[in-house]
Amino acid sequence: MSYEKESAGKGKELPAAFVEEMRELFGKLPGVSVSELPAFLESLGKERSYGLRRNPLKYTKEEFEEAIPFSIRSVPWAEEGYFYEKEARPGKSPYHEAGAYYMQEPSAMIAAELLGAKPGERIADLCAAPGGKSTQIAGKMRGEGLLVCNEYVPARAEVLSRNMERMGVSNCVVLTESVDRMAERFSLFFDRVLVDAPCSGEGMFRKEEQALLQWSPENVSMCAKRQKEILEPAAGMVKPGGVLVYSTCTFSEAEDEAVIRDFLERHNEFYPDESVLSEELSEAGICPGGLAGTVRMWPHKLPGEGHFVARLHKRGGAEAAGAGEERIDKACRKDGKNRAGKSGGKNKGSHQRDGEQEKQKYFQEFCRQYFSDEYGGWLEGAGEFVWRGERLYLMADGIPGLMGLRVERSGLYLGEAKKGRFEPSHTWAMTLKKEDVRQWMDTEDAAAYLRGETQENKGLRGWTLILFRGLPLGWGKAGGNMVKNHYPRGLRIHER
């Protein structure tokens with residue numbers, strides 16, 4: 001079906017039905033007026049803003065601003081957010097490969113900011129790929145607690161896992177499940193749940209041409225239906241006293257306020273956070289939404305794309321929370337038996353137990369040889385070590401039973417046992433700092449390392465953490481006059 005078009009400035013044409021929808025919205029929503037409609041439509045044809053987000057797992061604010069070799073300025077609504085100029089091309093920098101930052105549209109940072117993640121909590125991101133909001137949440141958790149990231153499409157879940165790896169996130173699980181199946185396993189389990197729902201993408205019209213080309217009233221209605229279907233099971237995963245944040249990158253009232261209004265009518269255990277719009281956010285140009293507990297971002301009022309966020313609280317109740325914990329504990333006990341079988345534990349007989357003990361010995365010898373005493377002590381208490389065949393994983397405290405779920409990443413992959421030795425993983429390397437290891441080298445040619453080239457050896461022997469200005473890039477193995485490159489072949493960059 002085709003629709004009449006109206007100009008949005010710079011030759012961009014918008015569907016007339018969309019323009020009429022916006023005219024109606026601007027006539028009734030707080031913070032905007034019909035007189036602003038021309039400025040709004042004109043903004044959709046202007047150059048967009050570019051943003052990135054500092055990784056607090058790797059840099060303090062002061063360290064980051066001193067290190068980054070291009071011009072940046074702070075995003076007022078995101079603690080770790082920065083604007084940059086398009087010409088900087090930060091995606092081509094070794095800082096990007098080292099996980100110093102995540103490139104993210106500035107307005108997209110608001111949802112995870114309002115989620116309010118804290119270290120030690122259990123948090124779910126239910127529509128997580130490619131990982132912008134998940135890595136933002138992980139940074140605020142500082143490696144403590146449990147983050148469960150879900151992406152139903154396996155190929156997108158792989159991208160999500162790679163981004164979590166690059167950013168050095170150690171305490172996350174990545175699933176490729178339906179939200180309904182997750183709700184069965186994680187009833188009343190999470191302190192905070194983020195639903196960054198699939199939407200019609202009206203807020204991305206100037207950033208993504210496909211969103212504009214695929215827009216139709218029918219697609220808006222389809223998205224609204226799907227959003228309600230995701231929110232329903234999501235509600236059951238939030239602990240009493242917990243927080244549910246819903247966000248979209250669309251302007252449509254049908255996908256925004258109407259979805260939340262419908263949800264609250266069916267779930268009186270939730271109530272809106274009326275303090276969601278702080279004075280600081282208002283000063284940054286963020287507007288109230290059409291319901292209490294909601295905010296909107298308009299591209300003619302701030303340097304970012306269109307976004308909508310609702311922040312809801314779940315009423316407290318210790319008895320209900322305890323029931324949820326009991327269900328999770330039962331699942332964990334059941335899955336514990338499964339873990340032992342997979343890893344050659346109790347249910348597999350003495351020969352396989354001995355085999356696992358031998359592999360664990362290789363791992364312990366590796367740790368003693370290459371890691372500081374302080375890091376080794378931390379590692380021993382960081383969670384449960386689980387062998388799956390020859391591969392070793394560190395399962396963070398609080399990970400529930402995962403048996404029967406589709407799992408892309410179940411814990412931090414540490415490495416594998418190979419012919420009487422232990423070989424560390426790239427995933428593990430990206431979580432480390434130079435003070436964690438006994439030997440490291442700060443490469444003078446990061447681009448060469450990222451291409452897979454060997455490095456010159458200066459008196460090192462064995463496994464060596466390769467750094468770029470203090471940030472981990474991966475492993476090398478030193479011997480003679482060279483350090484063999486162990487950067488994964490699938491990640492190597494041949495043109496920079």
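Residues numbered from 1 in each chain as written. Predicted model: local features only at pLDDT ≥ 70, side-chain atom pairs only at ≥ 80, totals over all residues. Heavy atoms only, no water.

Caption draft 1: Up close: the confidence of the model for the chain. On average, the chain scores 91 in pLDDT, and the residues at 70 or more come to 89%. Here residues 331-352 is a poorly scored stretch, pLDDT under 50, and it has 34 contacts once near neighbours within four places are set aside; other chains count. (pLDDT = per-residue confidence, 0-100. Contact = heavy atoms within 4.5 Å.)

Caption draft 2: Molecular detail of the pairing of strand β25 (residues 482-485). Here β25 shows one buried face, formed by V483 and N485, and one open face, formed by M482 and K484. Across two bridges, strand β22 (residues 455-456) lies against β25 in antiparallel orientation. Its bridge partner being in β25, Q455 is matched across the sheet by V483. Once strand β24 (residues 471-479) ends, the chain turns through two residues before running back antiparallel as β25, passing G480 with a positive phi of about 65°. (Buried < 20%, exposed > 50% of the residue type's maximum accessible area, 1.4 Å probe, protein only. Helix = DSSP H or I, 4+ residues; strand = E, 2+ residues; numbered from the N terminus. Pairing = 2+ DSSP bridges.)

Caption draft 3: Spotlight on the pairing of strand β19 (residues 412-417). Among the six residues in β19, five count as buried, and that is most of the element. Inspection of the sheet shows strand β17 (residues 391-396) paired to β19 by four bridges, in the antiparallel sense. By the bridge assignment, L392 is partnered in β19 with G415. As defined by bridge partners, β19 adjoins strand β20 (residues 422-424) across three bridges and the pair is classed as antiparallel. Residue pairing across strands places E416 opposite E423, the latter belonging to β20.

Caption draft 4: Local environment of the nonpolar core. L126, F186, V193, V195, M237, L244 and Y246 are the most contacted members of the largest nonpolar core, which totals 40 residues. Among the elements that take part in this core, helix α10 (residues 217-237) stands out by supplying six residues, more than any other. Each residue touching L126, except ones within four places of it in the same chain, is listed here: N150, V179, M182, V193, L194, V195, A234 and M237. If you look at the next biggest cluster of nonpolar residues, it comprises 39 residues, including L115, A128, I137 and A284. (Core = buried A, V, L, I, M, F, W, Y, C linked by side-chain atoms within 4.5 Å.)

Caption draft 5: Spotlight on the packing of helix α6 (residues 132-141) against helix α7 (residues 154-166). Their axes nearest at 10 Å, the elements α6 and α7 cross at an angle of 30°. One element, α6, and the other, α7, form an angle in the roughly parallel class. Judged by the sense of rotation from one axis to the other, the crossing of α6 with α7 is right-handed. Across the interface between the two elements, S134, T135 and A138 of α6 pack against L160, N163 and M164 of α7. Split into classes, the residues belonging to the contact of α6 with α7 amount to three nonpolar, three polar and no charged. (Axes fitted to C-alpha atoms, helices over the stretch in contact; angles between N-to-C directions. Parallel < 35°, antiparallel > 145°, perpendicular 65-115°, else oblique. Left-handed = near helix turned anticlockwise from the far one by under 90°. Nonpolar A, V, L, I, M, F, W, Y, C, P; charged D, E, K, R; others polar.)

Caption draft 6: Broad picture of the sheet that holds β24. Read from one edge to the other, the open sheet built from five strands follows the order β21-β23-β24-β25-β22, with strand pairing classed as mixed. What marks the edges here is a single partner per strand, and that holds for β21 (440-442) and β22.

Caption draft 7: Fine view of the packing of aromatic side chains. All told, the structure shown has 36 aromatic pairs when counted by the stated rule. Arranged with centres 5.1 Å apart and planes meeting at 45°, the rings of F26 and F40 form a pair that is tilted. On the criterion of sequence distance, the pair formed by F26 in helix α1 (residues 16-26) and F40 in helix α2 (residues 37-43) is long-range, its members being 14 residues apart. With respect to class, F26 is no different from F40; both count as buried. (Phe/Tyr/Trp six-rings, centres within 6.5 Å; stacked < 30°, edge-to-face > 60°.)

Caption draft 8: Molecular detail of the sheet that holds β17. Taken together, the four strands give an open sheet; going across it, the order is β16-β17-β19-β20, and neighbouring strands pair in antiparallel fashion. Among the strands making up the open sheet, the edge pair consists of β16 (383-388) and β20. Taking the axes of each pair of neighbouring strands and ignoring which way they run, one obtains an average angle of 30° across the sheet.

Caption draft 9: Examining α6 more closely. With respect to burial, α6 is a largely interior element, ten of its ten residues being buried. Among the residues of α6, those classed as buried are G132, K133, S134, T135, Q136, I137, A138, G139, K140 and M141. Just downstream of α6, R142 is the residue with a positive phi angle, here 55°.

Caption draft 10: Inspection of the environment of R89 at higher detail. Looking at the secondary structure, you find R89 in the loop between β5 (81-84) and α4 (94-97). A residue is classified by how much of its surface remains accessible, and R89, at 52% relative accessible area, is exposed. In this structure the C-alpha to C-alpha distance between R89 and F70, which are 19 residues apart in sequence, comes to 9.3 Å.

Caption draft 11: Geometry of the layout of surface pockets. A volume near 1,300 Å³ is recorded for the largest pocket. Residue lining of the largest pocket: 50 residues in total, with A129, R156, D196, A197 and P198 positioned closest to the centre. Listing elements by their share of the lining of the largest pocket, those giving two or more residues are β3 (50-54), β6 (101-103), α6, α8 (179-185), α9 (209-213) and α10. At six residues, α10 tops the list of elements feeding residues into the lining of the largest pocket. Classifying every residue of the lining of the largest pocket gives 23 nonpolar, 14 polar and 13 charged. Along the walls of the second largest pocket sit 36 residues, with L57, R142, T431, K433 and D436 positioned nearest its centre. Secondary structure elements with two or more residues in the lining of the second largest pocket: α15 (373-380), β17 and β24. Taken together, the residues of the lining of the second largest pocket break down into 16 nonpolar, nine polar and eleven charged. (1 Å grid on protein atoms, 1.4 Å probe; cavity = no way out; pocket = protein on both sides within 12 Å on 5 of 7 lines; lining within 4 Å. Points joined across faces, edges and corners; volume = space filled by probe spheres on them.)

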